[in-house]
Amino acid sequence: STPVVGNDHTIYFGGDDQFLHALDPAAPQKFKWSAATGGATTAPAIGVDGTIYVGSADANLYAFDAAGLQKWSLHTKGVIEAQPLVDGDGTIYFGTKKGLVYAVNPNGTVLWTRLADQPIGRAHVERHLLCRHGRRLRLRVPAIQLNQAS
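Remember, it's a predicted structure, so these values are computed and weren't measured experimentally.

*Asks:* Account for the pairing of strand 8 (residues 70-75), with residues named and values stated.
*Replies:* The pairing of strand 7 (residues 60-64) with strand 8 spans five bridges and is classified as antiparallel. Residue Leu61 lies in a different strand from strand 8, and its bridge partner there is Leu74. Remark: five residues form the turn of the hairpin made by strand 7 and strand 8, two consecutive strands paired antiparallel; Gly68 in that turn has positive phi of roughly 90°.

As structure tokens, then:
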């Protein structure tokens, strides 16, 4: 997956091996830590508090702290292939292959879900755009229509 870099310069990445990895660029010959998930992982996202979020092919969104300890996991209705997005308030947004878009609090509770008119996969990541209108955050996905709250 595409790596992301934390505030402490740790490099985080996942992949088909079902692990989220942390790499210290000062000692790149070995992992700082590796945390198991139940399936291939998406590219991670880092929250405002340093929490690392990663989606998985086992239909879970995982949250890990900077030491690699799992904070929580959220079982969803569908495989997660696209990288989660985190806004400035800490809300995590992601979609599933079953076409559900989720908004989740940093503590792992679901704010809302919306049904899209098609599955959300890796191809949609580049078209996702979070934009702020005043104090409201909108998830804009040009090729996807979101339906009523569920």
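*Asks:* Break down the sheet that holds strand 6 (residues 52-55) for me, citing the residues and quoting the values.
*Replies:* Taken in spatial order, the four strands make up an open sheet running 5-6-7-8, and their pairing is antiparallel. Since the sheet does not close on itself, it has two edges, and those belong to strand 5 (45-46) and strand 8, each with one partner. As defined by bridge partners, strand 6 adjoins strand 7 across four bridges and the pair is classed as antiparallel. Across the sheet, Ile52 pairs through a bridge with Phe64, a residue of strand 7.

*Asks:* Before we move on, could you go through the environment of Val110 and cite the residues and values that matter?
*Replies:* Along the chain, Val110 turns up in strand 12 (residues 110-116). A residue is classified by how much of its surface remains accessible, and Val110, at 39% relative accessible area, is partly exposed. Once the C-alpha coordinates of Val110 and Ile92 are considered, the two residues, 18 residues apart in sequence, prove to be 9.4 Å apart. Discounting chain neighbours no more than four positions away, the residues touching Val110 are Leu74, Tyr102, Ala103 and Val104.

Conventions and cut-offs
Residues numbered from 1 in each chain as written. Predicted model: local features only at pLDDT ≥ 70, side-chain atom pairs only at ≥ 80, totals over all residues. Heavy atoms only, no water. Pairing = 2+ DSSP bridges. Helix = DSSP H or I, 4+ residues; strand = E, 2+ residues; numbered from the N terminus. Buried < 20%, exposed > 50% of the residue type's maximum accessible area, 1.4 Å probe, protein only. Contact = heavy atoms within 4.5 Å.

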